[in-house]
Amino acid sequence: MSKLVTIYGGSGFLGRYIARRMAKAGWRVRVAVRRPNEALFVKPYGTVGQVAPILCNIRDDASVAAAMAGADAVVNCVGTFDKGGKNNFAAVQTEGAARIARLAAAEGVANLVHISAIGADANGQSEYARSKGKGEAEVLSAFPGAVILRPSILFGPEDNFFNRFAGMTRFGPVLPVVGGKTRFQPVFVDDVAHAAEKAAKGEAPAGIYELGGPEVQSFHALMSKMLDVIQRRRIVLNLPFWIAGIMGSLFDFAHAATGRLISMPLTRDQVTSLRKDNVVGEGVRTFADLGIEPTAMEVVLPRYLWRFRKDGQYADITASARNLRT
């Protein structure tokens with residue numbers, strides 16, 4: 001019988017790419033999520049019955065254990081940007097990560113892959129970074145042979161970064177950003193999925209890997225690159241951190257006042273995170289140690305950001321026709 005991998009958060013942005021890769025590699029895949037009915041789109045990634053969404057709540061021991069029963073490998077992709085509510089930073093990124101690692105060790109799982117983030121630091125300035133850092137410590141304590149992947153900001157067709165800001169260009173001539181000088185190293189989502197696949201299959205030595213793309217650019221430069229791709233002219237306005245901090249606090253209050261039902265564009269903790277560069281550190285394990293060459297942004301961005309152009313998929317045809325008229 002083919003091997004089995006359980007992917008917690010396997011229907012998320014990164015998780016679905018890992019699920020697809022593991023299915024193509026011939027593995028049976030359990031996609032453990034809170035709402036399996038909303039994850040049915042993963043089933044065609046493999047043959048009939050090969051990929052199965054199942055119900056799981058990572059805040060519950062019995063639920064987590066049932067999802068990984070008989071698994072040869074476990075991948076934890078679950079994360080959150082919400083510091084409040086039941087599924088807050090600590091519950092998901094620290095306690096949830098610890099629970100998965102502890103139960104994986106008890107189950108005798110061969111390989112554990114934990115998805116963290118660049119900047120994870122138990123003593124970091126932001127609550128997000130601290131919860132990620134504490135989660136890593138818990139994972140390594142319970143499962144010393146785990147592979148921890150720390151990607152920079154992910155990009156790809158379903159991302160919430162370039163898609164989000166490209167969408168904002170439809171509403172006016174100004175594109176506001178916070179931390180315009182902060183540096184990022186965007187990484188293609190499928191490259192990170194490739195790293196996770198190798199780790200799940202036991203083809204990567206245990207340890208922490210920081211994963212970034214081939215380019216390091218400021219937030220402002222990334223927005224300029226995006227504007228070039230979508231063929232729009234906008235003023236990229238860098239908001240000072242003190243103004244962004246006030247805005248984040250107001251949005252946090254509004255989020256809480258609405259019972260956390262309405263998501264907000266910015267939080268105070270995100271403003272704190274944006275003060276620090278999000279790039280691969282020196283002397284760490286990277287894609288090179290996994291034998292993976294990261295994909296450049298210009299190869300991928302035009303494939304999915306074309307829909308934000310004024311003429312959408314017909315932009316090139318329209319430009320060609322305009323040249324003929326002149």
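### Quick word on the overall build of the protein
Scanning the protein from terminus to terminus reveals 11 helices and 13 strands. Compactness check: the protein gives a C-alpha radius of gyration of 20 Å against a globular reference of 20 Å for 326 residues, within 12% of the reference. Taken along the three principal axes of its C-alpha coordinates, the protein extends 70 × 45 × 40 Å. Taken over 326 residues, the protein has a buried fraction of 50%.

### A look at the side chain of Gln 217
Its place among the elements puts Gln 217 in strand E12 (residues 217-218). Residue class for Gln 217 comes out buried when judged on its relative accessible area of 18%. A distance of 3.3 Å separates polar atoms of two side chains, one belonging to Gln 217 and the other to Glu 215.

### A word on the packing of aromatic side chains
Given two aromatic rings, their pairing is described by the distance between the two centres and the angle made by the two planes. Counting across every chain of the model gives 11 aromatic pairs. On the numbers, 5.3 Å between centres and 10 degrees between planes, the contact of Phe 81 with Tyr 128 is stacked. Placement of the pair is Phe 81 in the loop between strand E4 (73-76) and helix H3 (89-107) and Tyr 128 in helix H4 (residues 127-142), with a sequence separation of 47 residues. On the basis of relative accessibility, which here comes to 60%, the residue Phe 81 falls in the exposed class.

### Overview of helix H2 (residues 61-68)
Of all the positions in H2, only Ser 63, Val 64, Ala 67 and Met 68 are classed as buried. Down the axis of H2, the sector holding all buried residues measures 120 degrees, keeping them to one side. Residues of H2 that are exposed and angled more than 90 degrees away from the buried face: Ala 62 and Ala 66. Those residues of H2 hidden inside the fold are in contact with strand E1 (4-8), strand E2 (28-33), strand E3 (51-55), E4 and H3.

### Structural notes on the packing of helix H1 (residues 13-24) against helix H6 (residues 189-200)
Between H1 and H6, the least distance of the axes is 8 Å, while the angle of their chain directions is 55 degrees. The angle between H1 and H6 places the two elements in the oblique class. Taken as a pair, H1 and H6 cross one another with a handedness that is right-handed. Here Phe 13, Leu 14, Tyr 17, Ile 18, Arg 21 and Met 22 of H1 lie close against H6, whose contacting residues are Val 189, Asp 190, Val 192, Ala 193, His 194, Ala 196, Glu 197 and Ala 200. Among the residues making up the contact of H1 with H6, the classes are represented as 10 nonpolar, 1 polar and 3 charged.

Rules of the game
- Once a new chain begins, its residue numbering starts again from 1 and follows that chain's sequence as written.
- Local features in this predicted model are restricted to residues whose pLDDT is 70 or higher, and side-chain atom pairs enter the listing and the counts only when it is 80 or higher, whereas totals over whole chains, interfaces and linings include all residues.
- The side-chain numbers reported here are obtained from all heavy atoms of the structure, hydrogens and water having been left aside.
- Starting at the N terminus, helices and strands are each numbered in turn, a helix being any DSSP run of H or I of at least four residues and a strand any DSSP run of E of at least two.
- Our radius of gyration looks at C-alpha atoms and nothing else; its globule reference is 2.2 Å times the residue count to the power 0.38.
- To sort residues, take the accessible area from a 1.4 Å probe on protein chains only and compare it with the maximum for the residue type: under 20% means buried, over 50% means exposed, and anything in between is partly exposed.
- For the purposes of these results, a polar contact is taken to be a pair of N or O atoms within 3.5 Å, where, inside protein, one atom must be able to donate a hydrogen and its partner to accept one; residues adjacent in sequence count only when each atom of the pair is a side-chain atom.
- Here is the rule: rings of Phe, Tyr and Trp (six-membered ring for Trp) pair when centre to centre is within 6.5 Å. Planes less than 30 degrees apart are stacked, more than 60 are edge-to-face, and the remainder are tilted.
- What the arc measures is the spread of directions leading from the helix axis to the C-beta atoms.
- Throughout, a residue-residue contact means that at least one pair of heavy atoms, one from each residue, lies within 4.5 Å.
- Every angle, taken between N-to-C directions, lies between 0 and 180 degrees, and every axis is a line fitted to C-alpha atoms, over only the stretch in contact when it is a helix.
- Any angle between 65 and 115 degrees counts as roughly perpendicular, while under 35 counts as roughly parallel, over 145 as roughly antiparallel, and the rest as oblique.
- By the definition used in this description, the sense in which the near helix is turned from the far one sets the handedness, with an anticlockwise turn below a right angle giving left-handed and a clockwise turn giving right-handed.
- Following the grouping adopted for this structure description, the nonpolar residues are Ala, Val, Leu, Ile, Met, Phe, Trp, Tyr, Cys and Pro, the charged ones are Asp, Glu, Lys and Arg, and the polar ones are all others, Gly among them.

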